[in-house]
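Letter by letter, the chains look like this.
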Amino acid sequence: MKKKIVIIGGGIGGLSAGIYALRAGYDAAIYEKNHVAGGECMGWDRKGCHIDNCIHWLTGTDSNTSVWQVWNTMGAIDENTPYADTNKFYSSCLNGQEATLLEGA
Ligand SMILES: Cc1cc2nc3c(=O)[nH]c(=O)nc-3n(C[C@H](O)[C@H](O)[C@H](O)COP(=O)(O)OP(=O)(O)OC[C@H]3O[C@@H](n4cnc5c(N)ncnc54)[C@H](O)[C@@H]3O)c2cc1C
């Protein structure tokens, strides 16, 4: 019988721990308190604003980094994943107006 690992929290940390646990031959159960998994990687609405930064700036898109290897192992990105090289650090939109912080500006 396989040993079981119980993971508290279905953010990217917990989800990746689950994937690595299964790959290592364990059973894994992830317990998430919210009704959807993803943790801080999720976008959410608050007071008329949509907060959705994480999906637009993924740390580890350089294939020479160990983070890229983790994303690749989890099936999130591979050698053919297109990405935009941008100097935009942060953008916020409200009522049709956009404010953007530029890297190095
Ligand atoms: C606005 C914002 C923008 C960001 N932008 C970027 C970005 O552009 N690029 C980037 O690389 N990173 C970004 N980050 C950081 C990145 O999102 C986080 O580092 C990462 O998602 C953290 O993952 P985690 O699994 O460690 O924690 P979390 O995502 O916080 O996950 C923890 C999970 O555990 C659950 N939980 C907590 N307590 C319990 C409990 N008692 N029982 C069950 N479940 C529980 C929570 O509900 C949550 O789902 C951003 C973060 C924020 C908030």
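Residues numbered from 1 in each chain as written. Predicted model: local features only at pLDDT ≥ 70, side-chain atom pairs only at ≥ 80, totals over all residues.

1. A look at the overall build of the protein
Then, in step 1: Counting its secondary structure elements, the protein contains two helices and six strands.
Then, in step 2: N-terminal to C-terminal, the α/β element order of the protein is β-α-β-β-β-α-β-β.
Then, in step 3: Its C-alpha radius of gyration of 17 Å places the protein more than 25% over the 13 Å reference for a compact globule of 105 residues.
Then, in step 4: The principal-axis extent of the C-alpha atoms belonging to the protein is close to 55 × 35 × 20 Å.
Then, in step 5: When the 105 residues of the protein are sorted by exposure, 6% land in the buried category.
Then, in step 6: Within the protein, counting contacts between residues at least 6 apart in sequence, those at least 24 apart form 23% of the total. (Helix = DSSP H or I, 4+ residues; strand = E, 2+ residues; numbered from the N terminus. Rg over C-alpha atoms; globule rule 2.2 N^0.38 Å. Buried ≥ 20, exposed ≤ 12 C-beta atoms within 10 Å, placed from the backbone. Contact = placed C-beta atoms within 7 Å.)

2. Brief notes about the pairing of strand S6 (residues 97-102)
Then, in step 1: With respect to burial, S6 is a largely exposed element, only zero of its six residues being buried.
Then, in step 2: In sequence, strand S5 (residues 88-94) turns back onto S6 through a hairpin of two residues, with Asn95 there showing a positive phi of about 50°. (Pairing = 2+ DSSP bridges.)

3. With respect to helix H1 (residues 12-23)
Then, in step 1: Relative to the 16 Å expected for 12 residues at 1.5 Å per residue, H1 spans 16 Å between its end C-alpha atoms, a close match to the ideal helical length.
Then, in step 2: Note on H1: the residue one or two positions beyond its end, Gly25, has a positive phi of about 95°. (Expected span 1.5 Å × (residues − 1).)

4. Description of unusual backbone geometry
Comment: phi is negative for the bulk of residues other than glycine, and the bulk of peptide bonds are trans.
Then, in step 1: Positioned with a positive phi, Asn95 is a non-glycine residue whose angle comes to about 50°.
Then, in step 2: If you trace the backbone, Asn95 turns up in the loop between S5 and S6.
Then, in step 3: Residue Asn95 is classed as exposed on the basis of its C-beta count, with 6 C-beta atoms lying within 10 Å.

5. Re the site of the ligand
Then, in step 1: Not every one of the 20 residues close to the ligand is listed here, only the nearest: Gly9, Gly11, Gly13, Gly39 and Trp57.
Then, in step 2: Top contributing element to the shell around the ligand by residue count: H1, with three residues.
Then, in step 3: Split by residue class, the shell around the ligand holds eight nonpolar, nine polar and three charged.
Then, in step 4: Split by domain, the residues of the shell around the ligand number at least three in each of domain 1 (1-42) and domain 2 (43-105). (Near = placed C-beta within 6 Å. Nonpolar A, V, L, I, M, F, W, Y, C, P; charged D, E, K, R; others polar. Domains from an automatic or database assignment.)

6. Side note on the domain arrangement of the protein
Then, in step 1: On domain assignment, one finds that the protein holds domain 1 (1-42) and domain 2 (43-105).
Then, in step 2: The straight-line distance from the C-alpha centre of domain 1 to that of domain 2 is 23 Å.
Then, in step 3: Facing the five residues of domain 1 at the interface are five residues of domain 2.

7. Comments concerning the environment of Ala99
Then, in step 1: Following the sequence through the fold, Ala99 ends up in strand S6.
Then, in step 2: The class of Ala99 is exposed, set by 9 C-beta atoms lying within 10 Å.
Then, in step 3: With 28 residues separating them in the primary sequence, Ala99 and Trp71 have C-alpha atoms 30 Å apart.

8. Notes on the pairing of strand S1 (residues 4-8)
Then, in step 1: Burial of S1 is sparse: only zero of the five residues sit out of reach of the surface.
Then, in step 2: Where S1 lies against strand S2 (residues 27-31), five bridges are found, and the strand directions are parallel. The partner of Ile7 across the bridge, within S2, is Ile30.
Then, in step 3: With H1 bridging S1 and the parallel S2, this β-α-β connection has right-handed handedness. (Right-handed = clockwise from strand over helix to strand, strands pointing away.)

9. Regarding the environment of Gly38
Then, in step 1: By the element assignment, Gly38 lies in the loop between S2 and strand S3 (44-46).
Then, in step 2: Distance from Gly38 to Gly10, taken between C-alpha atoms, is 5.8 Å for residues 28 residues apart in sequence.
Then, in step 3: Discounting chain neighbours no more than four positions away, the residues touching Gly38 are Gly10 and Gly11.

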